[in-house]
Amino acid sequence: MQGLVYESLQEKKNRGAKAFALLIDPDKVTPASLDELMGLAEAAGVDLYFVGGSLVVTDNLDNCVLQIKARTRKPVILFPGSPSQLSRHADALLYLSLISGRNPELLIGQHVISAPFVKKSGLEIMPTGYCVIDGGAPTTVSYISNAAPIPHDKADIALCTALAGEMLGMKLIYLDAGSGARRPVSSDMIRAVSGQVEVPVIVGGGIRDAEAAHAACRAGADVVVVGNAIEKDPSIIQEIANAIHGVTVA
Ligand SMILES: CC(C)=CCC/C(C)=C/CC/C(C)=C/CC/C(C)=C/COC[C@H](O)COP(=O)(O)O
Ligand SMILES: O=P(O)(O)OP(=O)(O)O
Ligand SMILES: [Mg+2]
């Protein structure tokens, strides 16, 4: 089940290198806007393409994945808010279990229902302990998941949740303040989690400039995800990429 995409994330982490994931929400792009975005993203050196949304209302996912694949050799990874967001054209799947919440459907229920389809998809499956962190206001993910986010200033809760996830076998931990969060995950929380878990740590939600991306890397994020801010202003991609790639940890 573990494959090339996960190995590349682990290898980057072992070198102390940081990865920039661009989140593309299939509802928010047209073929023309995606074409332009891909030009900027490839020039900037985006490392990973995440595709998905908490709620996807168009049937644009397959086309979106195919269009991204046609423009890059970098991994295209599904980041699904529900099992309806599967595309066999992607390379890998963040197989999210919402371990910060107590909603059984998002911990295991939806996985049981969709297991045969996920297995048949041929996607590389990356079990991901998904933690929603309070981002200062309700976000689409906090509303849709119907589960209390971890309070912004409770790094210990995030740490214990991440450790439990890792010991249960999760291969990635994702700390997410939610799309467009007013405040991103704090450096204290990222430091607490990345200091003790061994698997790669992904951080996203409300990262809207180079400074915030840099801070997340310095605190220990292995992968930094940016979606909303680049949707609003694609021209910031290069400076965010530079900020992320400029951090290497010995
Ligand atoms: C195949 C399967 C079993 C799917 C179920 C997946 C599951 C349990 C999902 C958990 C709940 C959920 C609604 C997840 C949403 C995922 C998502 C796309 C969130 C948006 O993330 C924002 C990202 O971190 C970037 O933020 P920003 O830069 O501010 O846009
Ligand atoms: O789907 P999400 O969670 O990325 O949120 P939104 O599309 O509302 O920004
Ligand atoms: Mg969305």
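Residues numbered from 1 in each chain as written. Chains lettered and ligands numbered in written order. Predicted model: local features only at pLDDT ≥ 70, side-chain atom pairs only at ≥ 80, totals over all residues. Heavy atoms only, no water.

In the nomenclature of an unreviewed UniProt entry, the chain corresponds to Geranylgeranylglyceryl phosphate synthase from the organism Flaviaesturariibacter flavus. According to its UniProt record, the chain has this under Catalytic activity (unreviewed entry): "sn-glycerol 1-phosphate + (2E,6E,10E)-geranylgeranyl diphosphate = sn-3-O-(geranylgeranyl)glycerol 1-phosphate + diphosphate". Checking UniProt for the chain, the heading Sequence similarities (unreviewed entry) contains the comment "Belongs to the GGGP/HepGP synthase family. Group II subfamily." (UniProt positions renumbered as here; feature names shortened; annotations may be inferred.)

> Describe the sheet that holds strand β5 (residues 124-132), naming the residues involved and giving the relevant values.
Sheet architecture is closed into a barrel: eight strands sit in the order β1-β2-β3-β4-β5-β6-β7-β8, paired in parallel fashion. Here the strands of the sheet are splayed against their neighbours by 30° on average, with no regard to which way each runs. Where β5 lies against strand β6 (residues 172-176), five bridges are found, and the strand directions are parallel. Its bridge partner being in β6, valine 132 is matched across the sheet by aspartate 176. Set on the sheet, helix α4 (residues 104-120) makes contact with β4 (92-98) and β5; between it and β4 the angle comes to about 150°. This element, helix α10 (residues 237-245), spans β1 (19-24) and β8 (223-226) of the sheet and lies at about 145° to β1. (Pairing = 2+ DSSP bridges. Helix = DSSP H or I, 4+ residues; strand = E, 2+ residues; numbered from the N terminus. Axes fitted to C-alpha atoms, helices over the stretch in contact; angles between N-to-C directions. Contact = heavy atoms within 4.5 Å.)

> Explain the site of ligand 2 residue by residue, including any values.
Asp25, Lys28, Gly53, Ser54, Leu55, Thr140, Ser179 and Asn228 make up every residue found near ligand 2. For ligand 2, an oxygen atom lies 3.0 Å from a polar atom in the side chain of aspartate 25. A distance of 3.2 Å separates an oxygen atom of ligand 2 from a polar atom in the side chain of asparagine 228. A per-class count over the shell around ligand 2 returns one nonpolar, five polar and two charged. (Near = heavy atom within 4 Å. Polar contact = N/O pair within 3.5 Å; in protein donor to acceptor, adjacent residues only side chain to side chain. Nonpolar A, V, L, I, M, F, W, Y, C, P; charged D, E, K, R; others polar.)

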